[in-house]
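An overview of the molecular structure
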2 protein chains.
Amino acid sequence: MKVLVPKKSLADTLAHVERIVPTRSSNPGLSLVRLDLGDGAVEITGSNMDIDIRARFPADVRGSESRAVTAHLFAQVVRVLPAEDVELEFGESELHIASGNYTTKLQLVSAASAPKLSFPNTHSGQIDAASLGRTLSSVKYAAAVADYQAVFRGVKLELKDGKTRAVATDGFRLAYYDLDLSTGLAADLIVPARSVDELVKVLGDGDVKLALSEGQLSVEHGDYALNLKLMDGVFPDYERVIPQAFPVSISLSAPRLAEAVSRVALMADKSANNRVDLFIKDGVLTITAEGSFGRSQEEIAVSQEGTDSEIALAYNAKYLMDALGPVGGEVRLSFSGSSSSPSVVTDLADASYLAMVVPLRTG
Amino acid sequence: MKVLVPKKSLADTLAHVERIVPTRSSNPGLSLVRLDLGDGAVEITGSNMDIDIRARFPADVRGSESRAVTAHLFAQVVRVLPAEDVELEFGESELHIASGNYTTKLQLVSAASAPKLSFPNTHSGQIDAASLGRTLSSVKYAAAVADYQAVFRGVKLELKDGKTRAVATDGFRLAYYDLDLSTGLAADLIVPARSVDELVKVLGDGDVKLALSEGQLSVEHGDYALNLKLMDGVFPDYERVIPQAFPVSISLSAPRLAEAVSRVALMADKSANNRVDLFIKDGVLTITAEGSFGRSQEEIAVSQEGTDSEIALAYNAKYLMDALGPVGGEVRLSFSGSSSSPSVVTDLADASYLAMVVPLRTG
């Protein structure tokens, strides 16, 4: 069979699927994408075992066809096609791709060679896509990247009546975001942080439909369907470590603070936790760092509460900057006291966000 | 002493010097830049043994000072300074850098710790900078990158009466560019290709002054002075291998051809020389490539000379695209015959450029 499709639709759709397909795998089926044509649409599916994804775009399809093709080479070819339209013709063992004066024949295999994926047809939960995206993006940085207990590399979703919370922690810092919206589901889930990235990338406008099944969260949104494998394990009981009383707190522009920390931290020794020191007195925040090549310092006027106390604490500069990342305007930093008790970062314009950073122990 | 300088002047000047300073070296002096202040200017010098560079910018300097500082950290700090002006104050063992509310103290060492560099005051040659830049940039790609005889990793400059030619070859392809301008010098030089890159980056408008001394070409241009160490060795006698007679030649748009070759080559096996086949008949160029996943093809109408012959040749796609790179408009490809005789690429709008590519042996 033969179908004519816009290059842009094919390229954009394929890009979302290709991104998750592993470049190398001991399972050759995983390097394939499956193409399903029929019902006025082209569907492309792929998997990396942690995430299954199905993406579709409308096309003038007559008849039906299901085959599989090597994902990355197919995507590379489609990206550079010379004309705006592409003709796909399914032969016995070859996919003929024609665009402008260019033609290619790409090896086709049976659809059964690709991973067998199934996406639910019914969904019991639903939530605004942009809100879910903001919730997940605000906390994802706090998950561990490697060398940690598995649950630290995940983002926990707490779904309960009227509320959706995402939380991530690596044991040294934590972030949560409380959404005042219900998904209609009630469950605690841990989604791998890498899968969260992929989910966020497909979230646009409108609603997301959600379905829970054994070990899996399924998401349907517009032209995309994803299955996200869930993580086992017990997420730490984090709420009890978030301090509630703060002798001193300061407010200032988050981007201004992040920029100053990044500038001062250039002098810090990367091998010594990338340490920056914060000193607060009389409405002035002084940030310093010292390393083998010298010392740097920057001062910022801040609005201070609890003016009778001074604060001197040290942080990993990266952790501090990460915690400021989701805050676009004014931020409050609240200090719970001694050098080992956590500090809390909140967004003055959005009470949903809270981050906690544990200061470095100093001498 | 203290001096106030514009951040932009300091950052831009430092960037040119820092770029050549090695990040790691067994010689700790090489990681330094030397700062010389005096005579209404700040001078920054650095070296990587192959290239010495001195760059300067005007500044309101009273008195004089010569010291050295670690190159990369200094450059990192300067790039992110918050205000438009920077105050540099030279202390006993520290350089105080102040900008806006930010200050830093960076370790200073004696100027004698930095490499001892000398740049000539008198120059016997001279040439237009933009023309020299175009000459060098047009051929540099053809130099070998590694695993070859040393001279193949250099660009040869043939300076003689009324003419300046740059030529590079790795044994499989060659490029030269003939400039109808004299430098006033007469010599054959081989400059390491990496040094050619750095020289090209500082070439702007106006003239370049040249001086030759034992094993070294010195260049002065505007605010920059460079010493380029020359390579020893005998450059191959390349002129005798450039064919003079061509049974068939074609003309077409170089960017159009390069794009088609790159698109078709996606199917080529990278392990088999990235082979693309060119077939020319009756004014049509057909480009094909075949690999383990399939076969691709593109046709382009060309203006053909020598219409009674067909041409079927194979090339490394990268070599072909590289040779087309310097040609912005129409290009002529001239074929000298059998599969092992070189093909020649010329720029229809600029007779100065010639590239030669040896086809792959087939069958």
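Residues numbered from 1 in each chain as written. Chains lettered and ligands numbered in written order. Predicted model: local features only at pLDDT ≥ 70, side-chain atom pairs only at ≥ 80, totals over all residues. Heavy atoms only, no water.

Quick word on the interface of chain B and chain A
Condition: Residues count as neighbours in contact if any of their non-hydrogen atoms are within 4.5 Å of one another. By buried area we mean how much accessible surface two parts lose on assembly, using a 1.4 Å probe and totalling the loss over both. Counted as salt bridges are all cases of a side-chain nitrogen of Lys or Arg within 4 Å of a carboxyl oxygen of Asp or Glu. For the purposes of these results, a polar contact is taken to be a pair of N or O atoms within 3.5 Å, where, inside protein, one atom must be able to donate a hydrogen and its partner to accept one; residues adjacent in sequence count only when each atom of the pair is a side-chain atom. Segments assigned H or I by DSSP are reported as helices when at least four residues long, segments assigned E as strands when at least two residues long, and all are numbered from the N terminus. In this classification, Asp, Glu, Lys and Arg are treated as charged, Ala, Val, Leu, Ile, Met, Phe, Trp, Tyr, Cys and Pro as nonpolar, and every other residue, Gly included, as polar. Between any two strands, pairing holds if DSSP finds at least two bridges.
Each side of the interface is counted separately: chain B has 27 residues, and chain A has 27 residues. Summing the contributions of chain B and of chain A, the shared interface buries around 2,400 Å²; its carbon and sulfur component is 58%. At the boundary of chain B and chain A, one finds zero salt bridges. Run the count over chain B and chain A and you get 14 residue pairs in polar contact (both at pLDDT 80 or more). Put simply, the parts of the chain that give the side of chain B that touches chain A at least two residues each are α2 (71-79), β8 (102-110), α5 (254-264) and β20 (294-301) of chain B. Classifying every residue of the side of chain B that touches chain A by side-chain character gives eleven nonpolar, ten polar and six charged. Relative to β20 of chain B, strand β8 (residues 102-107) of chain A runs antiparallel, the two sharing five bridges.

Details of the pattern of salt bridges
Defined as follows: Categorising residues by exposure relies on relative accessible area from a 1.4 Å probe, with only protein chains included: less than 20% of the type maximum marks a residue as buried, more than 50% marks it as exposed, and the intermediate range marks it as partly exposed.
Following the criterion strictly, the structure yields 54 salt bridges over all chains and no others. Residues Asp-322 of chain A and Arg-173 of chain A are paired through a salt bridge, measuring 3.1 Å at the closest nitrogen-oxygen approach. Here Arg-173 of chain A lies in strand β13 (residues 173-179) and Asp-322 of chain A lies in helix α6 (residues 317-324), a separation of 149 residues in the sequence. Here Asp-322 of chain A falls in the buried class, since its relative accessible area comes to 18%. One salt bridge connects Arg-332 of chain B with Glu-305 of chain B, and the closest N-O pair in it is separated by 3.2 Å. Residue Arg-332 of chain B is found in strand β23 (residues 330-335), and its partner Glu-305 of chain B is found in strand β21 (residues 303-305); the two are separated by 27 residues along the sequence. Relative accessible area serves as the criterion here: at 27%, Arg-332 of chain B is assigned to the partly exposed category. The exposure class of Glu-305 of chain B is partly exposed, given its relative accessible area of 42%.

A closer look at the packing of aromatic side chains
Going by this rule: To pair, rings of Phe, Tyr and Trp, with the six-membered ring standing in for Trp, must have centres within 6.5 Å; the planes then decide the type, stacked if under 30 degrees apart, edge-to-face if over 60, and tilted in the middle. Here, a charge over a ring is recorded when the distance from Lys NZ or Arg CZ to the ring centre is within 6 Å and its angle to the ring normal is within 35 degrees.
Counting across every chain of the model gives two aromatic pairs over all chains. Between the aromatic rings of Phe-235 of chain A and Tyr-238 of chain A, the centroid separation amounts to 6.2 Å while the plane-to-plane angle is 85°, which identifies the pairing as edge-to-face. Like Tyr-238 of chain A, Phe-235 of chain A is buried. Over the face of the ring belonging to Tyr-102 of chain B we find Arg-263 of chain A, whose NZ or CZ atom lies 6.0 Å from the ring centre.

Considerations on the environment of Ser-339 of chain A
Residues and elements named next belong to chain A. Along the chain, Ser-339 turns up in the loop between β24 (330-335) and β25 (343-347). Since its relative accessible area comes to 26%, Ser-339 is described here as partly exposed. When the C-alpha positions of Ser-339 and Ser-262 are compared, they lie 21 Å apart, and in sequence the two are 77 residues distant. Discounting residues that sit within four places of it in the chain, Ser-339 has contacts with Leu-313, Pro-359, Leu-360 and Thr-362.

Observations concerning α2 of chain B
All names here are of chain B. Most of α2 sits inside the fold, with seven of its nine residues counted as buried. Within the span of α2, buried status applies to Ala-71, His-72, Leu-73, Phe-74, Ala-75, Val-77 and Val-78. Residues of α2 that are buried make contact with α1 (7-18), β2 (32-38), β5 (65-70), β7 (94-99) and β8.

Details of the relation of the copies chain B and chain A
Taken together, a rotation about one axis and a shift along it account for how the two chain copies relate. Short version of the rule: Superposition of the copies used a least-squares fit over C-alpha atoms from residues whose pLDDT is at least 70 in both.
In screw terms, the move from chain B to chain A is a rotation of 180° and a rise of 0.0 Å along the axis, fitting with an RMSD of 0.0 Å. In the structure described here, the two chain copies are related by an operation that fits a two-fold rotation axis. Taking the C-alpha atom as reference, chain B places Thr-23 of chain B closest to the rotation axis, 16 Å from it. The residues that chain B uses at the interface reappear at the interface of chain A in 100% of cases, marking a shared surface.

Some thoughts on the confidence of the model for chain A
Selection rule: How sure the predictor is of each residue is captured by pLDDT, a score from 0 to 100.
For chain A, the mean per-residue pLDDT works out to 95, and 99% of the residues sit at or above 70. Here the complex is predicted with pTM 0.90, and the ipTM for its interfaces comes to 0.86.

Description of the pairing of strand β26 (residues 350-357) of chain A
All names here are of chain A. Along β26, six of the eight residues are buried, which leaves the element largely enclosed by surrounding structure. Note that β13 and β26 share five bridges and pair antiparallel. Among the inter-strand pairings, Tyr-176 is bridged to a residue of β26, identified as Leu-354. Two strands pair when backbone bridges link them, and β25 and β26 are joined in this way by five bridges, in the antiparallel orientation. Considered in β26, the bridge of Val-344 is made with Met-356.

A look at the sheet that holds strand β24 (residues 343-347) of chain B
Residue and element names in this part refer to chain B. Counted only if it meets this: Note on geometry: axes are lines fitted to C-alpha atoms, helical ones only across the stretch in contact, with angles between N-to-C directions running from 0 to 180 degrees.
Across the sheet, which stays open at both edges, the nine strands sit in the order β13-β10-β11-β12-β25-β24-β23-β17-β21 with antiparallel pairing between neighbours. Both outer strands of the open sheet, β13 (187-192) and β21, are each paired with one neighbouring strand and no more. Sheet twist, expressed as the mean angle between neighbouring strand axes with direction ignored, is 20°. The pairing of strand β17 (residues 248-253) with β23 spans six bridges and is classified as antiparallel. Of the residues in β23, the one forming a bridge with Val-248 is Phe-335. Relative to the sheet, helix α3 (residues 129-139) contacts β10 (154-160), β11 (163-169), β12 (173-179) and β25 (350-357), its axis offset from that of β12 by approximately 165°. Strands in contact with helix α4 (residues 193-202) are β10 and β13; relative to β13, the strand with the most contacts, it is inclined by about 90°.

Re the pairing of strand β21 (residues 294-301) of chain A
Covered by surrounding structure in β21 of chain A are Gly-294, Ser-296, Glu-298 and Ile-300 of chain A only, the residues Arg-295, Gln-297, Glu-299 and Ala-301 of chain A on the alternate face being uncovered. Hairpin geometry of strand β20 (residues 284-291) of chain A and β21 of chain A is characterised by an intervening segment of two residues between the two adjacent antiparallel strands.

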